[in-house]
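Breakdown of the fold
Listed below are the residues making up each chain.
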Amino acid sequence: MSAFAIQPEELRGLLAAALGDQVRSVAVTLGEVTVEVNAANYLDVMRTLRDAPGCQFEQLIDLCGVDYSAYQETGRDGARFAVVCHLLSVSLNQRVRVRVMCPDDDMPVVASMCDLWSSANWFEREAFDLFGIIFEGHLDLRRILTDYGFIGHPFRKDFPLSGHVEMTYDTVQRRVVYQPVTIEPREITPRIIREENYGGVH
């Protein structure tokens with residue numbers, strides 16, 4: 001870490017004071033500051049992080065979805081989906097991670113950050129496409145990586161590895177058509193082929 005960067009514990013105290021009871025926690029783990037926020041306060045907290053003196057996080061450098069469904073096997077309780085953002089203050093040389101849990105597993109919805117940082121546009125479209133998280137207030141929330149007719153959200157841990165449908169080109173109809181997946185599940189064992197006397201072994 002640069003010598004002129006604010007220390008994580010100092011940043012934690014500064015953010016805790018600036019955000020008050022709007023957040024669930026502000027913690028330092030492995031030298032990084034993470035802010036946990038409820039969905040109801042998400043937009044206000046992010047605006048404070050951008051605008052408040054001592055915060056000034058001018059850039060949203062990453063936003064992604066997270067599916068915690070497999071954590072239930074370890075005894076963890078709580079919401080299934082979350083949105084995680086990484087913010088950067090160029091002027092103050094500091095970073096923070098913000099995590100917001102989506103309150104409804106069946107319809108995960110959080111506020112859009114597009115009005116605060118234009119870079120959120122594509123990140124939120126990606127999280128919508130891959131996880132099915134809806135960003136309320138996003139003006140163009142549509143798929144960005146999968147096809148328009150794609151069914152499901154590939155990064156959900158309950159999504160089948162082979163997908164739901166496959167597409168092929170139909171020469172009679174002269175267009176791409178969709179049909180149910182016909183791939184048979186199989187074990188794939190790599191076959192290692194080495195030339196003679198590889199490594200000096202006969």
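Going by the structure above, here's the rest.
Sequence order as written defines the numbering, with residues in each chain counted from 1. For this predicted model, a pLDDT threshold of at least 70 governs which residues receive local features, and a threshold of 80 or more governs which side-chain atom pairs are given and counted, while totals over whole chains, interfaces and linings are taken from all residues. Computation of side-chain values covers all heavy atoms of the structure but excludes hydrogens and water.

A look at the sheet that holds strand β3 (residues 59-67)
- Criterion used throughout: strands pair if DSSP finds at least two bridges between them. The secondary structure listing takes helices from DSSP runs of H or I that are at least 4 residues long and strands from runs of E that are at least 2 residues long, numbered from the N terminus. In space, the five strands of this open sheet follow the order β1-β2-β5-β4-β3, with mixed pairing throughout. Since the sheet does not close on itself, it has two edges, and those belong to β1 (23-29) and β3, each with one partner. Neighbour to neighbour, the strand axes of the sheet diverge by 20° on average, direction disregarded.
- Bridging between strand β2 (residues 32-37) and strand β5 (residues 94-101) involves four bridges; their strand directions are parallel. Its bridge partner being in β5, Thr 34 is matched across the sheet by Arg 97.
- Residue contacts are counted whenever heavy atoms from the two residues lie within 4.5 Å of one another. To get an axis, a line is fitted to the C-alpha atoms, and for a helix only the part in contact is used. The angle between two axes follows their N-to-C directions and goes from 0 to 180 degrees. This element, helix α1 (residues 8-19), spans β1, β2 and β5 of the sheet and lies at about 175° to β1.

Regarding the pairing of strand β8 (residues 165-170)
- Bridging between β8 and strand β9 (residues 175-180) involves six bridges; their strand directions are antiparallel. Note on β9: the bridge partner recorded for Glu 166 is Gln 179.
- Counting the residues between successive antiparallel strands, the hairpin from β8 to β9 contains four residues, one of them, Arg 174, with a positive phi of roughly 55°.

Structural notes on the packing of aromatic side chains
- Stacked, tilted and edge-to-face are the three classes assigned to paired rings of Phe, Tyr and Trp, where Trp is represented by its six-membered ring and a pair needs centres within 6.5 Å; plane angles under 30 degrees give stacked, over 60 edge-to-face, the rest tilted. Tallying each qualifying case throughout the model produces one aromatic pair.
- When the centroid spacing of 5.6 Å and the interplanar angle of 80° are considered together, the rings of Phe 131 and Phe 155 count as edge-to-face. Taken together, the positions of Phe 131 in helix α3 (residues 120-131) and Phe 155 in the loop between β7 (134-136) and β8 put the pair 24 residues apart, joining distant regions of the chain.
- Here Phe 131 falls in the buried class, since its relative accessible area comes to 10%. A simple rule labels every residue: compare its accessible area, found with a 1.4 Å probe on the protein chains alone, to the largest value its type can have, and call it buried under 20%, exposed over 50%, or partly exposed in between.

Section: unusual backbone geometry
- Located in the positive-phi region is Leu 30, a residue other than glycine, with phi close to 55°.
- By secondary structure assignment, the location of Leu 30 is in the loop between β1 and β2.
- What makes Leu 30 exposed here is its relative accessible area of 83%.
- Phi angles above zero are rare outside glycine, and Gln 56 is one such case at about 50°.
- Overall, the relative accessible area of 28% leaves Gln 56 in the partly exposed class.

Side note on empty space enclosed by the protein
- Of the grid points, spaced at 1 Å and generated over the protein atoms alone, those admitting a 1.4 Å probe that cannot get out make up cavities, while open sets with protein on both sides within 12 Å along at least five of seven lines make up pockets; any residue with an atom within 4 Å of a point is treated as lining. Grid points are joined across faces, edges and corners, and a volume is the space filled by probe spheres set on the points. Applying the stated criterion across every chain yields a total of one cavity of 30 Å³ or more.
- If you add up the space inside the largest cavity, you get close to 30 Å³.
- As for the largest cavity, its lining consists of Tyr 68, Ser 69, Tyr 71, Gln 72, Arg 76, Gly 78, Ala 79 and Arg 80.
- In terms of residue class, the lining of the largest cavity is made up of three nonpolar, three polar and two charged. Any residue outside Ala, Val, Leu, Ile, Met, Phe, Trp, Tyr, Cys, Pro, Asp, Glu, Lys and Arg is labelled polar, Gly included; the first ten of those are nonpolar and the last four are charged.

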